[in-house]
Amino acid sequence: MSKLNALIGTVAAAALVISGWSFVSGGKLNTSLADLKGTVTSLEDTVTPPTTFDAAKTAAIDIRKSPLDLPAAIKRTEPQKVVLNLETVEVDGKLADGTTYTYWTFNKTVPGPMLRVREGDTVELHLKNDPKSVSIHSIDLHAVNGPGGGAASTQVNPGQEKVFTFKALNPGVYVYHCASPHIPTHIAQGMYGMIVVEPKEGLAPVDREFYVMQGEIYAAGLPADKGHQPFNGDLMFDEQPNYVVFNGAFQALTGDKAMTAKAGERIRLFVGNGGPNLISSFHVIGEIFDKVHEEGATEATSNIQTTLIPAGGATWVEFTVDVPGRYMLVDHSISRAINKGAVAYLDVTGNPNEEIYHDPMGHPSPGTGGH
Ligand SMILES: [Cu+2]
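What you are looking at is a predicted structure, and each value in this text was computed from that prediction instead of being measured.

**A closer look at the overall build of the protein**
Scanning the protein from terminus to terminus reveals six helices and 20 strands. When each of the 371 residues of the protein is scored for burial, the buried share is 45%. Of all intrachain contacts in the protein linking residues separated by at least 6 positions in sequence, the fraction that spans at least 24 positions is 74%.

This is the structure we're talking about:
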């Protein structure tokens, strides 16, 4: 318990350090409308230019989870025992260009790995905690029927391993997260991911699947501030993050990790919200979700523009990209997208379809290399 008390003490101490927050708050309040005015010549000008992640700048690692890094659809028609291994690792990671942050992770990425099992499977989950960790960690999977979603069985000290078994009774898409005290701090440091429990009949075939999770980062500095930014407990208690991100970092999925597709393809997005606090108004600029499994429900609704994803919730959406161009995933609580990093690119190539979309000025489309 001494480690837990020490951590809670650290958070309490952070709450007393108000000078940094006062400075940040003052800066925000003094921002005039003139300061916010910009010039827009293309859709991309509506967001801050993408960051670059130069590994040579710092020893901090790239913690961004690739949206392509997810298990393939399950082909099995019978349940089986599935063994899953996760490791909690605390790392210094790149939060933005020239900015680093101390993340706590599952398997060194944010979010952690997407897990994928079939309804009826028996899952044996092993959770290791890196010997170099300073904190105890654990896992609560929302797909579990049982105490703490597994957290009751997996409080694991540095250098140790815990295991528990559960049967995946309910199909759907579920968040998992660390549930060790102080829980909001562990989640805010990046300790969340998704587990998909496919229904017995499987999911409808699509051309491409992507894995995206939103989360807040309560770093002391604003996105323009460089250097290593410490966690700020005041910002978290007030639910006022300086960063809101997809897949771990500021505009993480706009450069080398942007998603790509071809016009005419059917897309499935698995989208979760680690929180720890904010509700996402998830939207794709330039698209309409043909199907949304709202809050991860088995039943789908049709023709949705923006769907709410609660903190600790997930959904999956499906749509066909009809024409080439750049489509932007955003939290449509739009300051989070424009200023705090919650934007991702889906670049679609292919032949234009003038019947569906026609631009008489012939504006270049960044997803097609200029046409
Ligand atoms: Cu933890």
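**Notes on the sheet that holds strand S20 (residues 343–349)**
By way of backbone hydrogen bonds, the strands of a sheet pair with one another, either parallel or antiparallel. Judged by pairing direction, the sheet is mixed, and its five strands sit side by side in the order S12-S20-S19-S14-S17 without closing on themselves. Strands at the two margins of the open sheet, each flanked by one partner only, are strand S12 (259–262) and strand S17 (306–309). Taken over all neighbouring pairs, the strand axes of this sheet differ in orientation by 20 degrees on average, direction set aside. Pairing of strand S19 (residues 325–331) with S20, which is carried by six bridges, proceeds in the antiparallel orientation. Bridging across to S20, Arg-326 finds its partner in Asp-347.

**Some points on the nonpolar core**
Buried together is how nonpolar side chains tend to be arranged in soluble globular proteins. Core analysis: the largest hydrophobic core is formed by 88 residues, its most contacted members being Tyr-174 and Met-194. Taken domain by domain, this core gets at least three of its residues from each of domain 1 (55–198) and domain 2 (208–368). Leave out the neighbours within four places in its chain, and Met-194 touches Pro-111, Met-114, Val-173, Tyr-174, Val-175, Tyr-176, Tyr-211, Met-213, Phe-270, Gly-272 and Ala-314.

**Focus: the pairing of strand S1 (residues 81–96)**
If a strand is regular, its side chains alternate between the two faces of the sheet. Examined bridge by bridge, S1 and strand S4 (residues 122–129) share eight bridges and lie parallel to one another. Bridging from a neighbouring strand, Leu-84 pairs with Leu-125 of S4. In sequence, S1 turns back onto strand S2 (residues 99–106) through a hairpin of two residues, with Gly-98 there showing a positive phi of about 80 degrees.

**Describing the sheet that holds strand S15 (residues 289–293)**
Read across the open sheet, the six strands follow the order S11-S9-S13-S18-S15-S16; overall the sheet is mixed. Of all the strands in the sheet, just strand S11 (243–246) and strand S16 (301–304) have a single pairing partner and so form its edges. Neighbour to neighbour, the strand axes of the sheet diverge by 25 degrees on average, direction disregarded.

About the criteria used
- Throughout this document, residue positions are counted from 1 along each chain, in the order its sequence is written.
- pLDDT decides what is reported in this predicted model: residues at 70 or higher carry local features, side-chain atom pairs at 80 or more are listed and counted, and totals for whole chains, interfaces and linings draw on all residues regardless.
- Put simply, DSSP marks the helices as runs of H or I at least four residues long and the strands as runs of E at least two long, and each gets a number from the N terminus on.
- In this scheme the burial state of a residue depends on its C-beta neighbours within 10 Å: 20 or more other such atoms mean buried, 12 or fewer mean exposed, and anything in between means partly exposed; the C-beta positions come from the backbone.
- Any two residues are considered in contact once their C-beta atoms, placed from the backbone, lie within 7 Å.
- By the convention used here, strands pair only if DSSP detects at least 2 bridges between them.
- Helix axes are fitted to C-alpha atoms over the stretch in contact, other axes to C-alpha atoms as well, and angles between N-to-C directions run from 0 to 180 degrees.
- Joining buried Ala, Val, Leu, Ile, Met, Phe, Trp, Tyr and Cys residues through C-beta atoms within 7 Å gives a set, and that set is a nonpolar core.
- Marked domain ranges trace back to an automatic or database domain assignment.

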